[in-house]
Amino acid sequence: MAHAFDVIVVGVGSMGASTCWHLARRGLRVLGLEQGPIPNPEASFAGLTRAIRLSYAEHPDYVPLLQGAYKYWEVLEEESGEEILRLTGALYMGPPNGELVSGASLSAEQHGLAHTLYTHAELEENWPQFQLPDSFEGLYEDKAGYLLSERAVEAFVAEARKHGADLRGGEMVTNWTTTNSGVRVQVGNNEYSAQHLVIAAGAWTGKILNDMSLPLVVTRQVLGWVAPPRPDNFISDKFPVWVIDGNKGEGVHYGFPITPDGSGGEGLKLALHWPGKKVDPSTVIRDKLPNDDSDIQDALIRYLPSGRGPLLSQRVCLYTNSSDGDFIIDRHPKFPQVSLACGFSGHGFKFASVIGEVLADLATNGKTDWPIGFLGLSRFAR
Ligand SMILES: Cc1cc2nc3c(=O)[nH]c(=O)nc-3n(C[C@H](O)[C@H](O)[C@H](O)COP(=O)(O)OP(=O)(O)OC[C@H]3O[C@@H](n4cnc5c(N)ncnc54)[C@H](O)[C@@H]3O)c2cc1C
């Protein structure tokens, strides 16, 4: 049977929009279906900026993918003419032998990445904005910074459309089935068919793949922007992207330099990365809750007292956490014409530019040369 499309992508968010871009650049006929508007302000890339790091604390196996991601962010910038990636350097701080600093060191050493280790005294001398427990140490790397995430998704969408992709907002996929020659996808009373299906549904993955019982937990995360008394001390020539792995029970916090042009929002942005609060994506409260402000202020009191100021704005966003914190990228175990990518566990955006290529490979060739074996579904069977 002839299909109107080669590939249907469910979810035109971070990974889906990039997949549409990669597929359309290859000359394939792509249909992207998005339940919200495009771009969707409730998707997980919302909130203007996302950190990008290379000495990857989570696992050294991510580094080759990251190197591909940096390359494709540059390609997207060139093709779209938009500035998306800003290298400000990044500083990771925590207790000795904590997961953050030792994990980043391991990745840097294993992959020969430029980095510098700092003692507590050196951290204090170079970045007096921070107040850290005496035992804390740090790792700094230049080749890190942040991405303008909303602008990036807009660029994926615009470039995919230039290459002929048909991307439609307000189209919630309610069901999909496989056929002898491909897939059939249902949106209300409408049906679309294609040879391949890519599911990149973010926090809603558990609903559209409910028969797979994927080990996913969605959490509510709050981003805050505050007004420090001396904003000049927090712009990127003095202040990098940062992550602090607290002592046991104190969580992981991170933040960004102030963007004087306002592209990253007005004020100093910071957030609590872990732990988040478990929610259902359909019923999550996106308005401000009583404790939201204190989560942000507590981090300032503890680590950045000179940055303390009134909350200017906040944004609620969803993490889709896998049970081990690693992404899930694979072909469907029963249907080879269906691929899926989910469980980006609060650290996936920086990879979006390359994950789109991975998913385009899986859809069109059934395999990819990118090293994604450690992200496959088979690990959950072990
Ligand atoms: C507060 C916060 C801070 C973060 N910070 C960082 C960071 O600093 N660095 C970093 O690398 N990562 C970070 N992340 C993680 C990163 O943003 C996510 O991992 C990434 O955006 C997930 O992409 P996704 O494509 O899986 O989901 P999304 O971008 O949410 O896309 C999924 C899309 O699918 C659509 N959809 C779902 N179901 C359907 C359906 N049935 N039919 C049609 N459309 C559907 C949704 O509406 C959505 O648009 C952060 C995330 C949050 C929430």
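Residues numbered from 1 in each chain as written. Predicted model: local features only at pLDDT ≥ 70, side-chain atom pairs only at ≥ 80, totals over all residues.

Here we look at the overall build of the chain
Quick note on the threshold: The helix and strand labels rest on DSSP assignments: H or I over at least four residues marks a helix, E over at least two residues marks a strand, and numbering proceeds from the N terminus. Atoms counted for the radius of gyration: C-alpha only. Globule rule: 2.2 Å times the number of residues to the power 0.38.
From N to C terminus, the chain includes eight helices and 20 strands. Here the C-alpha radius of gyration of the chain, 21 Å, is about what a compact globule of 382 residues would show, namely 21 Å. Projected onto its principal axes, the C-alpha coordinates of the chain cover approximately 70 × 45 × 40 Å.

Focus on the environment of Asp287
Convention followed: With C-beta atoms placed from the backbone, a residue counts as buried when 20 or more other C-beta atoms lie within 10 Å of its own, as exposed when 12 or fewer do, and as partly exposed for counts between those limits.
Along the chain, Asp287 turns up in the loop between strand E17 (277–278) and helix H7 (292–303). Judged by the 7 C-beta atoms lying within 10 Å of it, Asp287 falls in the exposed class. When the C-alpha positions of Asp287 and Tyr118 are compared, they lie 39 Å apart, and in sequence the two are 169 residues distant.

What about helix H5 (residues 149–162)?
Just so we agree on the cut-off: Working rule for helices: expected span equals 1.5 Å times residues minus one. Residue pairs qualify as contacts under a 7 Å threshold applied to their C-beta atoms, which are placed from the backbone.
Across its 14 residues, H5 extends 20 Å between first and last C-alpha, which sits within 8% of the 20 Å expected from 1.5 Å per residue. Every buried residue of H5 is listed here: Ser149, Ala152, Val153, Ala155, Phe156, Val157, Glu159 and Ala160. Residues of H5 that are buried make contact with helix H1 (14–25), strand E2 (30–33), strand E3 (49–52), helix H2 (63–80), strand E8 (145–148) and strand E9 (166–168). A positive backbone phi angle near 100 degrees is found at Gly164, which sits one or two residues after H5.

A word on the domain arrangement of the chain
Stated formally: An automatic or database domain assignment provides the domain bounds reported here. Polarity classes work like this: nonpolar for Ala, Val, Leu, Ile, Met, Phe, Trp, Tyr, Cys and Pro, charged for Asp, Glu, Lys and Arg, and polar for all others, with Gly in that last group.
What the domain assignment lists for the chain is domain 1 (5–46 + 150–215 + 325–380) and domain 2 (88–144 + 216–322). For domain 1 and domain 2, the distance between their C-alpha centroids amounts to 29 Å. Every contact between the two is made by 18 residues of domain 1 and, on the other side, twelve residues of domain 2. Each residue belonging to the side of domain 1 that touches domain 2 can be placed in one class, and the counts come to nine nonpolar, eight polar and one charged.

A closer look at the sheet that holds E8
Quick note on the threshold: DSSP calls a pair of strands paired once it identifies at least 2 bridges connecting them. Working convention: axes come from line fits to C-alpha atoms, limited for helices to the stretch in contact. Angles between N-to-C directions cover 0 to 180 degrees.
Strand order in the open sheet formed by three strands is E3-E8-E4, and the pairing between neighbours is antiparallel. In the strand order of this sheet, the two ends are held by E3 and strand E4 (85–87), each with one partner. Averaged over all adjacent pairs, the angle separating strand axes in this sheet is 25 degrees, with direction ignored. Across four bridges, E3 lies against E8 in antiparallel orientation.

Let's talk about the pairing of E8
Of the pairings in the sheet, the one linking E4 to E8 comprises three bridges and is antiparallel in character. Counterpart to Leu85 in the pairing with E8 is Leu147.

Let's talk about the packing of H2 against H5
Definition in use: By definition, turning the near helix anticlockwise from the far helix through less than a right angle yields a left-handed crossing, and turning it clockwise yields a right-handed one.
Where H2 contacts H5, the two axes come as close as 10 Å, and the packing angle between them is 60 degrees. Seen along the crossing, H2 lies across H5 with a hand that is left-handed. Where H2 abuts H5, its residues Leu76, Glu79 and Ser80 lie against Ala152, Ala155, Phe156, Ala158 and Glu159.

Topic: the site of the ligand
Note the cut-off: Nearness here has a simple definition: the residue's C-beta atom, placed using the backbone, must lie within 6 Å of the molecule or strand.
Near the ligand you find 38 residues, and of these Gly11, Gly13, Gly202, Phe344 and Gly348 are the closest. Secondary-structure elements contributing two or more residues to the shell around the ligand are H1, E3, strand E13 (216–226) and strand E18 (311–322). Per-class residue counts for the shell around the ligand are 21 nonpolar, 14 polar and three charged. Of the residues that make up the shell around the ligand, three or more belong to each of domain 1 (5–46 + 150–215 + 325–380) and domain 2 (88–144 + 216–322).

Describing the nonpolar core
As a rule of thumb, nonpolar side chains are buried together in soluble globular proteins. To keep it simple, the criterion reads: When buried Ala, Val, Leu, Ile, Met, Phe, Trp, Tyr and Cys residues are joined through C-beta atoms within 7 Å, the set is termed a nonpolar core.
Counting residues in hydrophobic clusters, the biggest one holds 119 residues, and the most contacted among them are Ile8, Val10, Cys20 and Val30. Of all the elements, helix H8 (residues 352–365) adds the most residues to this core, at eight residues. Of the residues that make up this core, three or more belong to each of domain 1 (5–46 + 150–215 + 325–380) and domain 2 (88–144 + 216–322). Setting aside its immediate chain neighbours within four residues, Val10 contacts Leu33, Val173, Leu197, Val198, Ile199, Ala200, Ala201 and Ile208.

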